[in-house]
Amino acid sequence: MKKLLILLFSLFLFSSSSVFADDISDFEIEGISIGESLLDYMTEDEILKEIERTKDRYHWLKEPYKYAELYLFNNIQKYDSLSFFVINNTKSEYITNKNDENEKYTILSIYGMIKTKNFDSCIVKRDEIATEFSKMFPNADKRQTTFKHTADPSGKSIVDAVYFDFDSGDGIEVSCSDYEETYRIEGNWSDLLIVAIKSEEVRSWMRNY
């Protein structure tokens, strides 16, 4: 049975606290896991509209349109929003299998996001979650880092993240973002507590800027 990653306001609950894992293949956020088709959760029209809406979201990357990030705001229980990364099939050069409609929208990474108003309290919750992950993934390479958010040209927005890296290159992230006020207002952003399951290919793409 898949083990649920369920984020509540102050506790991070799991189906079994005694489970140890070496990869991310059996985990879900809001009942959704990597490898599923996004068509199970959104129509193709909704997917294409989201790809168009967010097409410039990663403009600073060397291949900004290779993947697309799509957001889901409805029918979510524990998070304020979810986002998914899929191959951007509006760019034909990235379509891997034109004969398989489901393959076009395979979920490669999942982000669960909760809006926060206080960065310090977000860090407290982040650390609680990271402690539980440390127990669940004793063989993963754990690291913590704070860096400037690459989307903000002012360099004043930061992310404080804990990563769990697996031998496969896949990973889990739990982080807090703290956007500079002007940038947050202009972009209609919110400071966030994020729990993410990320495939190796999307992680590599994001590092290439």
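For every chain, the first residue of the written sequence is number 1, and numbering continues from 1 onward in sequence order. Where totals are concerned, whole chains, interfaces and linings use all residues; where local detail is concerned, this predicted model gives features only for residues with pLDDT of at least 70, and gives and counts side-chain atom pairs only at 80 or more. Note that the side-chain values use all heavy atoms of the structure and ignore hydrogens as well as water.

Asker: Break down the pairing of strand S9 (residues 171-178) for me, citing the residues and quoting the values.
Answerer: Counting buried residues along S9, seven of its eight residues qualify, which places the element largely inside the surrounding structure. Here, strands pair whenever DSSP counts at least two bridges between them. Strands here are runs of E lasting at least two residues and helices are runs of H or I lasting at least four, both read from the DSSP assignment and numbered beginning at the N terminus. In terms of strand pairing, strand S8 (residues 158-165) meets S9 through eight bridges, oriented antiparallel. When the sheet's bridge partners are listed, Tyr163 is paired in S9 with Glu173. Counting the residues in the hairpin turn of S8 and S9 gives five residues, including Gly169, whose phi is positive at 100°. Pairing between S9 and strand S10 (residues 192-198): six bridges, direction antiparallel. Looking across to S10, one finds that Ser175 is bridged to Ile194. The buried label goes to any residue with under 20% of its type's maximum accessible area, the exposed label to any with over 50%, and the partly exposed label to all in between, with areas taken from a 1.4 Å probe on protein chains only.

Asker: Which residues make up the nonpolar core, and what values do they have?
Answerer: If you look at the biggest cluster of nonpolar residues, it comprises 37 residues, and the most contacted ones within it are Leu38, Leu82, Phe84, Phe133, Phe137 and Val174. It only takes one pair of heavy atoms within 4.5 Å for two residues to be counted as in contact. Once residues within four sequence positions are removed from consideration, Val174 is found in contact with Arg126, Ile129, Ala130, Phe133, Asp160, Ala161, Val162, Leu193, Ile194 and Val195. To qualify as a nonpolar core, a set must consist of buried Ala, Val, Leu, Ile, Met, Phe, Trp, Tyr and Cys residues joined through side-chain atoms within 4.5 Å. In terms of nonpolar packing, the next biggest core, distinct from the first, is built from 14 residues, Leu61, Tyr71, Leu108 and Leu192 among them.

Asker: So what's going on with the confidence of the model for the chain? Residues and values would help.
Answerer: Interpreting fine coordinate detail is not advised for predicted regions of low pLDDT. Values of pLDDT, ranging from 0 to 100, describe the predictor's confidence in every residue of the model. Mean pLDDT over the chain stands at 81; residues scoring 70 or higher make up 81%. Confidence over residues 1-18 falls short of pLDDT 50; this stretch has 45 contacts with residues more than four positions distant or in other chains. In this model, residues 92-99 is a region of pLDDT below 50 whose contacts with residues beyond four sequence positions or in other chains number 10 contacts.

Asker: Give me the lowdown on the pattern of salt bridges, citing residues and values where you can.
Answerer: Only one rule defines a salt bridge in this text: a Lys or Arg side-chain nitrogen within 4 Å of an Asp or Glu carboxyl oxygen. Here the structure, examined in full by the defined rule, presents eight salt bridges. A salt bridge links Arg126 to Asp127, with the nearest nitrogen and oxygen atoms 2.8 Å apart. The exposure class of Asp127 is partly exposed, given its relative accessible area of 33%. With its nearest N and O atoms 2.5 Å apart, the salt bridge here joins Arg143 to Asp165. On the criterion of sequence distance, the pair formed by Arg143 in strand S7 (residues 141-148) and Asp165 in strand S8 is long-range, its members being 22 residues apart. What you see here is one network of salt bridges that share partners, running through Arg126, Asp127 and Asp160.

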